[in-house]
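A closer look at the structure
Here are the chains, one letter per residue:
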Amino acid sequence: MFKNDIGVIGMAVMGRNLTLNIASHGYTVSIFNRTPQKTEYIIKNFDNKTILPFFSISGFVNSLKKPRCILLMVQSGKATDNIILKLLSYLSSGDIIIDGGNSFYKDTIRRYYNLLKYNVNFIGAGISGGEYGALYGPSIMPGGNKSAYNFIKPILKSIAAKIGNESCISYIGPDGSGHYVKMVHNGIEYADMQLIAESYSMLRHILNLSNQDISDIFSQWNQGELNSYLIKITKNILKKKDSNGNDLIDCILDQADTKGTGEWACKEALELHEPLTLITMSVFSRYISVLKLQRILASNILLGPRNHCIIHNQSEFIEKIRQSLYLGKIISYSQGFSQLSHASQKYHWNLKYSNIAKIFRSGCIIQARFLNKIVEAYKYDNTTMNLLLSPYFQELANKYQNTLRQVVSDSIQYGVAIPVFSSAISYYDSYRTSFSSANLIQAQRDYFGAHTYKRYDQDGVFHTNWSSY
């Protein structure tokens, strides 16, 4: 009896498009969905003889070649656990489950070791690119059993996005490492989007430019250092009209939603004691955006600056924003990769940062030209402490840091909120400070809590009776 190459469970947009992508590369695919209507929809609307529907778990599993390869594209959390539990009754030793959803990496670690008890291999694969990427080529970050990954590698490599002859997929490391990298990827995405939004805000509210003018500026920026997917779609968004001929962007409510992965990255940064300031502030910015009614009330009560500084040279200020945006993005990536390094040490993942940067170059939301510079930075030194210390980024930071502080200063004078730009220059200055004010904090902690402190001039740990002079 003929058996199919791979099975996909979960026929929402991502699962459906990944199924179509796999089938388009010559593989036979079994599909299953908890609600049969979505399975029926695909069969009715997509005439593809290599996609075969099943309406029971047993029939679905038995339709696959051994070792069976099953890609889960279901909601993270309990839904993923439930479907794995149902599958276990029908799986055999050596079968492979791939979780392609946005699962929390600690859940992936738990599932990985639980399934080992049944000799079932588990791959936690971060997949980025949205519905378009899923259909035409996503960025894929698989972690888990390496031999199992090598078995399914031909399928995943064929459907991944391409840069020249390279597929945007690479084995990340053991257990939950793939989903951890995807989590940090999403955190960087949050900061990237917020930095672009703040650039738009400065162009709109300080220079009073039209949406078309700003779209033209973003189009120019996309030709150079800032070339990226997010810059490209932003210039398109700013040109879009609604059915009444109005700029659609001006009709969209200014409340940004979250789905959890950005928050996860911030919580993990706290556990690792990593200063993930730009990503954290981008999450907080979404939170404050939701306080719409409070913001409207505050806008009529709380005062801002009365006298604005004058921007004498518009084109010069636009260039300063461009440079500041580029440096802000670099600082965000620096923080994200620093967190990956810390997590790799903690969990013994041995992450290869050059390969991770390669994966991000196409197919995913944060794809950008300057990722090639990150690839180069880590290619010869996987132990780089911080991207800002590598030659290219060090030179660029020294070149652009002054414009970043000028842009932040001007925006503060105008009363235009740019929380992530502000966080960028604060982090930059904090990171380059050889002697900080933390000595006073240590003295305060020792004063009220006898928490002790260390000295520059003597070895050991000290406590002082601060109340006696």
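Residues numbered from 1 in each chain as written. Predicted model: local features only at pLDDT ≥ 70, side-chain atom pairs only at ≥ 80, totals over all residues. Heavy atoms only, no water.

Glancing now at the UniProt feature "active site" (unreviewed entry) in the protein. As annotated in UniProt, the feature "active site" (unreviewed entry) corresponds to Lys182 and Glu189 in the numbering used here. Residue contacts for Lys182: discarding those within four places in its chain leaves Asn102, Gly126, Ile127, Ser128 and Met141. Residues contacting Glu189, with those up to four places away along its chain left out, are Ile365 and Ile366. (UniProt positions renumbered as here; feature names shortened; annotations may be inferred. Contact = heavy atoms within 4.5 Å.)

Side chains of Leu297, Ile301 and Leu302 sit close together on the surface and give an oily, nonpolar patch of about 340 Å² of accessible area. Examined against the element boundaries, Leu297 turns out to sit in helix 13 (residues 292-299). For Leu297, a relative accessible area of 54% gives the class exposed. (Patch = residues over 30% accessible without salt bridge, like charges linked within 9 Å, V, L, I, M, F, W, Y side chains within 5 Å. Areas by Shrake-Rupley, 256 points an atom, 1.4 Å probe, with all protein chains shown as cover. Salt bridge = Lys/Arg side-chain N within 4 Å of Asp/Glu carboxyl O. Helix = DSSP H or I, 4+ residues; strand = E, 2+ residues; numbered from the N terminus. Buried < 20%, exposed > 50% of the residue type's maximum accessible area, 1.4 Å probe, protein only.)

Another point: the side chain of Ser158. Secondary-structure assignment places Ser158 in helix 7 (residues 146-159). Given a relative accessible area of 17%, Ser158 falls into the buried group. Discounting chain neighbours no more than four positions away, the residues touching Ser158 are His25 and Tyr27.

Taken as a whole and assessed by the stated rule, the structure comprises 21 salt bridges. With a closest N to O distance of 2.8 Å, Asp81 and Arg111 form a salt bridge. Residue Asp81 is found in helix 4 (residues 78-88), and its partner Arg111 is found in helix 5 (residues 105-116); the two are separated by 30 residues along the sequence. For Asp81, a relative accessible area of 25% puts it in the partly exposed group. With relative accessibility at 2%, the residue Arg111 sits in the buried group. Note that Asp99 and Arg111 form a salt bridge whose closest N and O atoms lie 3.8 Å from each other. Within this pair, whereas Asp99 is found in strand 5 (residues 96-99), its partner Arg111 is found in helix 5, the two being separated by twelve residues in sequence.

Below, the discussion takes up the layout of surface pockets. What the second largest pocket holds in volume is close to 330 Å³. Lining the second largest pocket we find 13 residues, and of these Asn439, Gln442, Lys454, Arg455 and Tyr456 sit closest to its centre. Across the lining of the second largest pocket, the residue classes break down as six nonpolar, four polar and three charged. (1 Å grid on protein atoms, 1.4 Å probe; cavity = no way out; pocket = protein on both sides within 12 Å on 5 of 7 lines; lining within 4 Å. Points joined across faces, edges and corners; volume = space filled by probe spheres on them. Nonpolar A, V, L, I, M, F, W, Y, C, P; charged D, E, K, R; others polar.)

Here the focus is the sheet that holds strand 3 (residues 51-53). The seven strands are arranged 3-2-1-4-5-6-7 in an open sheet whose pairing can be described as mixed. In this open sheet, the two edge strands, each paired with only one partner strand, are strand 3 and strand 7 (139-144). With strand direction ignored, the average angle separating the axes of adjacent strands in the sheet is 25 degrees. The pairing of strand 6 (residues 121-128) with strand 7 spans six bridges and is classified as antiparallel. The residue bridging Ala125 from the neighbouring strand is Pro142, located in strand 7. Each of strand 2 (29-32) and strand 3 is contacted by helix 2 (residues 36-45), which is oriented at about 140 degrees to strand 2, the strand it contacts most. (Pairing = 2+ DSSP bridges. Axes fitted to C-alpha atoms, helices over the stretch in contact; angles between N-to-C directions.)

With that settled, the discussion passes to unusual backbone geometry. Most peptide bonds adopt trans geometry, and most residues besides glycine take a negative phi value. Residue Pro67 is reached from Lys66 by a cis peptide bond, and omega for that bond is -10 degrees. Tracing the sequence through the fold places Pro67 in the loop between helix 3 (57-62) and strand 4 (69-72). With a phi angle near 55 degrees, Asn208 is a residue other than glycine that sits in the positive phi range. Mapped onto the fold, Asn208 is located in the loop between helix 8 (177-205) and helix 9 (211-221).

Turning our attention to the pairing of strand 4. Burial along strand 4 is two-sided: the face carrying Cys69 and Leu71 and the face carrying Ile70 and Leu72 are both buried. By the bridge criterion, three bridges tie strand 1 (residues 6-9) to strand 4 in an arrangement that is parallel. Note on strand 4: the bridge partner recorded for Gly7 is Ile70. Direction of pairing for strand 4 relative to strand 5: parallel, over a ladder of four bridges. Paired with Cys69 across the strands is Ile96, a residue of strand 5.

As a further point, take the domain arrangement of the protein. Once the domains are mapped, the protein shows domain 1 (6-171), domain 2 (182-432) and domain 3 (438-468). Here the C-alpha centroids of domain 2 and domain 3 sit 38 Å apart. (Domains from an automatic or database assignment.)

A contiguous patch of positive charge on the surface is contributed by Lys146, Lys153, Lys157 and Lys162. For the positive patch, the element with the most residues is helix 7, which contributes three residues. Tracing the backbone shows Lys146 in helix 7. (Lys, Arg positive; Asp, Glu negative; His and termini not counted. Charge placed at Lys NZ, Arg CZ, Asp CG, Glu CD.)

Counted at 1.5 Å a residue, the expected span for helix 1 (residues 13-24) with its twelve residues is 16 Å, and the 16 Å between its end C-alpha atoms agrees. Counting buried positions along helix 1 gives nine out of twelve residues, so the element sits mostly inside the fold. For helix 1, the complete set of buried residues consists of Gly15, Arg16, Asn17, Leu18, Thr19, Leu20, Asn21, Ile22 and Ala23. Backbone geometry just after helix 1 places Gly26 at a positive phi near 90 degrees. (Expected span 1.5 Å × (residues − 1).)

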